[in-house]
Amino acid sequence: MQPKFSFFLLNLIPHLLLICSFTKIKATESIYSLENDDPITKIMHQFSGYQTSEPNLDSFSLLSVDTQSLINQIDELAAFSDSPSPSVTRILYTDKDIAARRYIKNLMGLSGLSVREDTIGNIFGRWDGYEPELAAVATGSHIDAIPYSGKFDGVVGVLGAIEAINVLKKAGFKPKRSLEVIMFTSEEPTRFGISCLGSRLMAGSEKLEKALKSTFDSQNVSFLDAARYAGYARNQDDLSGVLLEKGSYAGFVELHIEQGPLLEAEGISIGIVTAIAAPASIKVGFEGDGGHAGAALMPSRNDAGLAAAELSLAVEKHVLDSGSIDTVGTVGILDLHPRAVNSIPSKAHIEIDTRDIDETRRNTVVKKIHQSAVEIAQKRNVKLSGFEIVNQDPPASADDKIIKSMEATSRELKLDYKLMVSRAYHDSLFMARISPMGMIFIPCYKGYSHKPEEYAAPKDIENGVKVLALTLATLSVS
């Protein structure tokens, strides 16, 4: 070695060692295999971007998350809202949603990601790996928000994913498989009544593709017209380009607030999701004769409102009778007509959500609810005017390899974790249809979500980003 080059290497060594704080120095059998154990040569090969070694799990605690910047971004994104702070209302394809999308695309660009969008506005930010022909590893979530909700649901999984990419870049990591951040369109069903619209369509739902062409919101605006207003679906009704084939991604990992109280109550930093419960959504209608609240005698009444109330209690009974804590049911909507205090309801409309990680058990509950609706209508002499199962999606299990990767990462970061079930709906439910899937939960205050009090502590967000970053790194080199 020439003296001049030796002097250069001696000055370079501290920088190279710092860069390699989280990368395993390991010779592999390839055309770049090393013939000796010189650590400096190994480091230089490792960060050339051509080595296929796994990330080191020895010094992960040195990863640097710009937590304050991330919190600022969460606050800035929350300002794109149709309701006053601290609440957030951001509905699909509205002006606030369009502005928020521009904000996300700008952040992706600033992080050096190549940005693209599909026909309905799913947004993708890609960091090309050194073997870009391989299926990418993806992460992401959503930023739409139901009326008067909080600013962390979904948002942590999008902004946190971008920050995870920044963390890996700052550490000098070179991905083998490309890494992709996805912002899914309309995880919430607020405008068009379809949960996880973007991921559901991506996962290959041809039924949804056809249905969207004749779907309207409460203001009689079609889905396609709303999409065009936001700059999507221009000059075409064909949405088939959104659909992806199974295997399009080598893995998908979503970071999310728990939306439940367990992690906070137990003082645990990380939740590793093993399965996602899926809901069955039901719409039920009853019709009676109505009448004057004073003049109509009780024995002769056929009260549609009481029929709906009795069915609501039946939902609770059937869910509890399942014998499993994982079975839940909710009557979230109960509308009466004519909604006058001195008038017997002549019509009642209720909407039911029942969920479970066991599809058979959940479907049994749905059958019992239908049976009760029929019996209640007969007993109360009202008409069962409608019983519609709007959707009945199957639950999803997380991939064992991704679970093990998240466990290993949590241990190396010295973070307590627990395996748990997600009872809330997420885009991961549908990504599991086309890719191995995993989810990372972080604690949120009292389990609050879908309300302004929703909150995740900066340290918990930071922990989640670290686990996400290192899980992505591991999956990228697999």
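The shown structure was predicted, so the numbers you read here are calculated from the model rather than taken from an experiment.

## A word on the side chain of Glu 188
- Locating Glu 188 in the fold gives a position in the loop between β6 (179-184) and α6 (197-202).
- Although buried, Glu 188 forms no salt bridge, and the nearest oppositely charged side chain, Arg 355, lies 8.0 Å from it.
- Leave out the neighbours within four places in its chain, and Glu 188 touches His 142, Asp 144, Ala 145, Ile 146, Asp 153, Ile 194 and His 450.

## Comments concerning the packing of helix α10 (residues 304-321) against helix α11 (residues 359-379)
- Packing of α10 against α11 leaves a shortest axis separation of 9 Å and a crossing angle of 150 degrees. Judged by the angle between their axes, α10 and α11 are roughly antiparallel. Every pair of crossing elements has a handedness; the one defined by α10 and α11 is right-handed. Packed against α10, whose contacting residues are Ala 307, Glu 310, Leu 311, Ala 314, Val 315, His 318 and Val 319, the element α11 presents Val 365, Lys 368, Ile 369, Ser 372, Ala 373, Ile 376 and Lys 379 at the interface.
- When grouped by side-chain class, the residues that make up the contact of α10 with α11 number nine nonpolar, two polar and three charged.

## Examining the nonpolar core
- With 102 residues, the main nonpolar core has Tyr 93, Ile 104, Phe 223 and Ile 461 as its most contacted residues.
- A per-element tally of this core places helix α5 (residues 155-170) first, with ten residues.
- Apart from the residues within four sequence positions on either side, Phe 223 is in contact with Leu 92, Tyr 93, Ile 120, Phe 192, Leu 197, Leu 212, Thr 215 and Leu 239.
- Among the nonpolar cores identified, the runner-up in size contains 21 residues, and Val 315, Ala 348, Ile 350 and Ile 376 belong to it.

## Structural notes on the environment of Ala 99
- Tracing the backbone shows Ala 99 in helix α4 (residues 95-110).
- C-alpha of Ala 99 to C-alpha of Ser 81: the two residues are 18 residues apart in sequence and 9.7 Å apart in space.

## Structural notes on the sheet that holds strand β13 (residues 347-356)
- Across the sheet, four strands lie side by side as β11-β13-β9-β14; this open sheet has antiparallel pairing. The open sheet has two edge strands, β11 (328-337) and β14 (383-392), and neither has a second partner. The mean inter-strand angle of the sheet, taken between neighbouring strand axes irrespective of direction, is 15 degrees.
- As defined by bridge partners, β11 adjoins β13 across nine bridges and the pair is classed as antiparallel. Residue pairing across strands places Val 328 opposite Arg 355, the latter belonging to β13.
- Each of β9 (278-287), β11 and β13 touches α10; the most contacted strand, β13, lies at about 10 degrees to it.

## Regarding unusual backbone geometry
- The linkage connecting Ser 85 with the following residue, Pro 86, adopts the cis geometry, with an omega of 10 degrees.
- Checked against the element boundaries, Pro 86 lands in the loop between α3 (67-78) and β1 (88-90).
- For the bond from His 337 to Pro 338, the omega torsion is 15 degrees, close enough to zero to count as cis.
- Position of Pro 338 relative to the elements: it lies in the loop between β11 and β12 (343-344).
- A positive phi angle is found at Cys 196, which is not glycine, with a value near 50 degrees.
- As for its placement among the helices and strands, Cys 196 is situated in the loop between β6 and α6.
- Taking the relative accessible area as the measure of exposure, Cys 196 reaches 0% and is therefore buried.
- Despite not being glycine, Arg 339 shows a phi value in the positive range, around 60 degrees.
- A relative accessible area of 71% places Arg 339 in the exposed class.

## Here's the deal with the packing of aromatic side chains
- Tallied over the entire structure, the rule returns nine aromatic pairs.
- Measuring from ring centre to ring centre gives 6.1 Å for Tyr 93 and Tyr 232, while their planes differ by 40 degrees; the resulting arrangement is tilted. Here the residue Tyr 93 occupies a position in the loop between β1 and α4, and Tyr 232 occupies one in the loop between α8 (223-229) and β7 (249-257), the gap between them amounting to 139 residues.
- Accessibility expressed as a relative area gives 7% for Tyr 232, which makes it buried.
- Judged by centre distance (5.8 Å) and plane angle (80 degrees), the rings of Phe 152 and Tyr 455 are edge-to-face. Separated by 303 residues along the polypeptide, Phe 152 in the loop between β5 (145-149) and α5 and Tyr 455 in the loop between β17 (437-442) and α14 (458-476) bring together distant segments of the chain.
- Members of the aromatic cluster, each reached through a chain of ring pairs, are Tyr 93, Phe 192, Phe 223 and Tyr 232.

## With respect to the pairing of strand β8 (residues 270-276)
- Most of β8 is tucked away: six of the seven residues are buried.
- Bridge analysis of β8 against strand β16 (residues 417-422) gives six bridges, and the strand direction is parallel. The residue bridging Ala 275 from the neighbouring strand is Val 421, located in β16.
- Pairing analysis gives two bridges linking β8 to β17, with the strands arranged antiparallel.

Definitions and cut-offs
Residues numbered from 1 in each chain as written. Predicted model: local features only at pLDDT ≥ 70, side-chain atom pairs only at ≥ 80, totals over all residues. Heavy atoms only, no water. Helix = DSSP H or I, 4+ residues; strand = E, 2+ residues; numbered from the N terminus. Buried < 20%, exposed > 50% of the residue type's maximum accessible area, 1.4 Å probe, protein only. Lys, Arg positive; Asp, Glu negative; His and termini not counted. Salt bridge = Lys/Arg side-chain N within 4 Å of Asp/Glu carboxyl O. Contact = heavy atoms within 4.5 Å. Axes fitted to C-alpha atoms, helices over the stretch in contact; angles between N-to-C directions. Parallel < 35°, antiparallel > 145°, perpendicular 65-115°, else oblique. Left-handed = near helix turned anticlockwise from the far one by under 90°. Nonpolar A, V, L, I, M, F, W, Y, C, P; charged D, E, K, R; others polar. Core = buried A, V, L, I, M, F, W, Y, C linked by side-chain atoms within 4.5 Å. Pairing = 2+ DSSP bridges. Phe/Tyr/Trp six-rings, centres within 6.5 Å; stacked < 30°, edge-to-face > 60°.

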